[in-house]
Amino acid sequence: MLRFPIDLEIGLRYTRSKRRKAVGKCDGFLSFISGISTAGIALGVASLIVVLSVMNGFQKEVRDRMLSVLSHVEITAPDGLSNWESLAEKLANEPHVIGVAPMVSSQGLLTRNSVMRGVAIRGIAPGEEGKVSDLPKQFIAGNINDLQSGSFGVALGAQLASIVGARIGDRINLIVPESDLTPAGAMPRMRTLQVMGIVDSGHYEYDSSLAIMHWKDAAALLRLRDPSGLRIKVDDMQRAPEVAAELASVVPQALWVTDWSRSNRNWFAAVQTEKKMMFIILTLIIAVAAFNLVSTLVMTVNEKQADIAILRTMGASPGLIQRIFLVQGLAIGLMGSLAGVGLGLLIACNIDVIVPAIEAIFRVRFLPRDVYFISELPSDVRMGDVVTVGLMAFGLSVLATLYPSRRASKVQPAEALRYE
């Protein structure tokens, strides 16, 4: 029959031990306290895993939706790229580059009837845009090929079209910052455009402010002869900063090379800071639960002083006594950590089912579409975070067991048995 070491066997027995009330009677108070400590650690670990997974999901979802509209790398020139065809061909042959397309970028004011809205003007080449973004797939009305040069057609973001009340075929006015000199003075430059398409990227910020035109029409409106830059797509978005640095050494020094991480640095920095703060806050919750072990083990030591004294008189060393209570504390910490990891993974992997069910039951909407970037709660479980949280919780449990187990090893048999 398999026998465990004596310290392991007694320590595990103490984990589920009951307190003696009288001869032949006992209650489960100590077991209850041990269960509460285990549950506290489990809930803390599960909460931290779920929160980190949701924040990772938010970051990934928003980043992917942003990059479905934005470019991985942009190369721009203050006065336009006169030799953009040859430069685009050269860049397309560079390592990790899988697509290059011209662009024109500016700001403007869109007006229709009495509604006015600031917009981001983006000039594209319809035939080349699919190489650098998912924009052709995001047309919910019209088609990207309807944006023909010279037609001065425009595709609006879905939210922007809703705000100004525009539909396919309607005409809208676009005012750009540049002005024309007339006998009456400087007059803002305005052009009437026809709505040729509606785009829904799933990102509210862009869907509420994006106006897309053929790049030649946008250039004509801005009095440019060439595109203002090139949009580049790379094979791995995470390597975009490295690829941008390599391309900067290839293109002329007068051109500006930026990647998506630099263009949206403030947003990603804010997300990382928020993630770190949430990690610290929820770690404190786990620490509180872990250090409940101190009170649990101290109560167990006080209750088991007679048992400790008997073991000492039978020849048990202080080290053996210390290991017994270390085993008890580590068993509670390990069970709590494993239970928390399991519960956290269960919730994080099924959050797309759990949250809609809660919303349906209580008739609430956690993420209104007009307030947040995305309207569904995403989750991205990363095993690195799960392992880190589990090991951290177990490590805190180890620290919490040191003092009570050391105190147990110093119990004097004569003092403990005096009133027994």
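All values derive from a computational prediction rather than experimental measurement.

### Points about the overall build of the protein chain
Logical step 1: In terms of helices and strands, the protein chain carries 16 helices and 12 strands.
Logical step 2: For 420 residues, the compact-globule estimate of 2.2 N^0.38 gives 22 Å, and the C-alpha radius of gyration of the protein chain, at 33 Å, exceeds that figure by more than 25%.
Logical step 3: Seen along its three principal axes, the alpha-carbon backbone of the protein chain occupies a region of about 110 × 50 × 45 Å.
Logical step 4: Buried residues in the protein chain amount to 45% of all 420 residues.
Logical step 5: Residue pairs in contact within the protein chain that sit at least 24 positions apart in sequence constitute 79% of those at least 6 positions apart.
Logical step 6: Accessible area of the protein chain: about 21600 Å², with a carbon and sulfur share of 58%.
Logical step 7: Of the charged side chains in the protein chain, 42 are positive and 38 negative, and the gap between their average positions amounts to 10 Å.

### What to know about unusual backbone geometry
Logical step 1: Here Asn-113, not a glycine, exhibits a phi torsion of approximately 55°, which is positive.
Logical step 2: Relative to the elements of secondary structure, Asn-113 occurs in the loop between β4 (97–112) and β5 (115–124).
Logical step 3: A relative accessible area of 73% means that Asn-113 is categorised as exposed.

### Examining the domain arrangement of the protein chain
Logical step 1: Domain annotation for the protein chain reports domain 1 (6–64 + 268–417) and domain 2 (78–254).
Logical step 2: Distance between the C-alpha centres of domain 1 and domain 2: 53 Å.

### Remarks on the UniProt feature "transmembrane region" (unreviewed entry) in the protein chain
Logical step 1: Sites flagged by UniProt as "transmembrane region" (unreviewed entry) map to residues 29–55, 279–300 and 320–338.
Logical step 2: Across residues 279–300, helical content stands at 95% and strand content at 0%; the span's end C-alpha atoms are separated by 32 Å.

### Considering the packing of helix α13 (residues 318–349) against helix α15 (residues 383–409)
Logical step 1: Between α13 and α15, the least distance of the axes is 8 Å, while the angle of their chain directions is 155°. By the criterion of interaxial angle, the relationship of α13 to α15 is roughly antiparallel. Of the two possible hands of crossing, α13 and α15 adopt the one that is right-handed. In contact with Pro-318, Ile-321, Gln-322, Phe-325, Leu-326, Gly-329, Leu-330, Gly-333, Leu-334, Ser-337, Val-341 and Leu-345 of α13, α15 contributes Val-386, Gly-390, Ala-393, Phe-394, Ser-397, Val-398, Thr-401, Leu-402, Ser-405, Arg-406, Ala-408 and Ser-409.

### What to know about the packing of aromatic side chains
Logical step 1: All chains considered together, the criterion is met by one aromatic pair.
Logical step 2: In this structure, Arg-191 is placed above the aromatic ring of Phe-152, and the distance from its NZ or CZ to the ring centre is 3.7 Å.

### Focus: a nonpolar patch on the surface
Logical step 1: Judged by side-chain polarity, Ile-354, Ile-358, Ile-361, Phe-362, Val-364 and Phe-366 come together as a nonpolar surface patch covering roughly 560 Å² of accessible area.
Logical step 2: Residue position: Ile-358 is located in helix α14 (residues 351–362).

### Section: the environment of Met-278
Logical step 1: Here Met-278 is to be found in helix α10 (residues 265–290).
Logical step 2: Residue Met-278 is classed as partly exposed on the basis of its relative accessible area, which comes to 28%.
Logical step 3: Put simply, Met-278 and Leu-48 are 230 residues apart on the chain and 8.2 Å apart in space, counted from C-alpha to C-alpha.
Logical step 4: Ignoring anything within four residues of it in the chain, the contact list for Met-278 reads Leu-48, Val-51 and Met-55.

Parameters at a glance
- Residues numbered from 1 in each chain as written.
- Predicted model: local features only at pLDDT ≥ 70, side-chain atom pairs only at ≥ 80, totals over all residues.
- Heavy atoms only, no water.
- Helix = DSSP H or I, 4+ residues; strand = E, 2+ residues; numbered from the N terminus.
- Rg over C-alpha atoms; globule rule 2.2 N^0.38 Å.
- Buried < 20%, exposed > 50% of the residue type's maximum accessible area, 1.4 Å probe, protein only.
- Contact = heavy atoms within 4.5 Å.
- Areas by Shrake-Rupley, 256 points an atom, 1.4 Å probe, with all protein chains shown as cover.
- Lys, Arg positive; Asp, Glu negative; His and termini not counted.
- Charge placed at Lys NZ, Arg CZ, Asp CG, Glu CD.
- Domains from an automatic or database assignment.
- UniProt positions renumbered as here; feature names shortened; annotations may be inferred.
- Axes fitted to C-alpha atoms, helices over the stretch in contact; angles between N-to-C directions.
- Parallel < 35°, antiparallel > 145°, perpendicular 65-115°, else oblique.
- Left-handed = near helix turned anticlockwise from the far one by under 90°.
- Phe/Tyr/Trp six-rings, centres within 6.5 Å; stacked < 30°, edge-to-face > 60°.
- Lys NZ or Arg CZ within 6 Å of the ring centre and 35° of its normal.
- Patch = residues over 30% accessible without salt bridge, like charges linked within 9 Å, V, L, I, M, F, W, Y side chains within 5 Å.
- Salt bridge = Lys/Arg side-chain N within 4 Å of Asp/Glu carboxyl O.

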